[in-house]
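Chain residues, written in single-letter form:
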Amino acid sequence: MSETLSSNTTLGHYSIVSKIGAGGMGEVYRARDTRLDREVAIKLLPANYARDLDRLRRFESGSTRHLCAQSSEYSHRSRHRHS
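Since the structure is predicted, the reported quantities are computational estimates derived from the model, not experimental observations. (Residues numbered from 1 in each chain as written. Predicted model: local features only at pLDDT ≥ 70, side-chain atom pairs only at ≥ 80, totals over all residues. Heavy atoms only, no water.)

**Q** Even after reading the chapter, I still don't get the nonpolar core, so can you show me in this structure?
**A** Side chains that are nonpolar tend, in soluble globular proteins, to be buried together. Core analysis: the largest hydrophobic core is formed by six residues, namely I16, Y29, A31, V40, I42 and L44. For this core, the secondary-structure elements that each account for two or more residues are β3 (26–33) and β4 (38–44). Broken down by element, the residue count for this core peaks at three residues, all from β4. Filtering out sequence-adjacent residues up to four positions away, A31 remains in contact with Y14, S15, I16, V17, R38, E39, V40 and I42. (Core = buried A, V, L, I, M, F, W, Y, C linked by side-chain atoms within 4.5 Å. Buried < 20%, exposed > 50% of the residue type's maximum accessible area, 1.4 Å probe, protein only. Helix = DSSP H or I, 4+ residues; strand = E, 2+ residues; numbered from the N terminus. Contact = heavy atoms within 4.5 Å.)

**Q** How do you make sense of the environment of D33 when you look at a structure like this?
**A** Structurally, D33 can be placed in strand β3. When its relative accessible area of 3% is taken as the criterion, D33 is described as buried. Considered as a pair, D33 and I16 are 17 residues apart in the sequence and their alpha carbons are 9.1 Å apart. Here R35 takes part through its backbone nitrogen, which lies 2.9 Å from a polar atom of the side chain of D33. Separated by 3.0 Å, the side chain of D33 and the backbone nitrogen of L36 make a polar contact. (Polar contact = N/O pair within 3.5 Å; in protein donor to acceptor, adjacent residues only side chain to side chain.)

**Q** Just to check I follow, could you spell out the sheet that holds strand β1 (residues 10–11) for this structure?
**A** Backbone-to-backbone hydrogen bonds pair the strands of a sheet. The strands run either parallel or antiparallel. Sheet architecture is open: four strands sit in the order β1-β2-β3-β4, paired in antiparallel fashion. For this open sheet the edge positions go to β1 and β4, each flanked by a neighbour on one side alone. Pairing of strand β2 (residues 14–23) with β3 involves eight bridges; the strand directions are antiparallel. Considered in β3, the bridge of A22 is made with E27. (Pairing = 2+ DSSP bridges.)

So this is what it looks like as structure tokens:
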């Protein structure tokens, strides 16, 4: 990505808080989901990656695995907290 998003930039219902890092697949930002009032991480792909179907599939596959792992970890912690 050539342009870093600044704090308080709005993307839909997300408000950018800060940049977390960058890597081969894009940049990651800490943001606030204004609908759910919680912090989230947003990964932005470079435009040329978004047009490459193979890279887009790998990104989507990795994101799904990450979300499933987070959900499983949250469920595990919630069960033990309420036991």
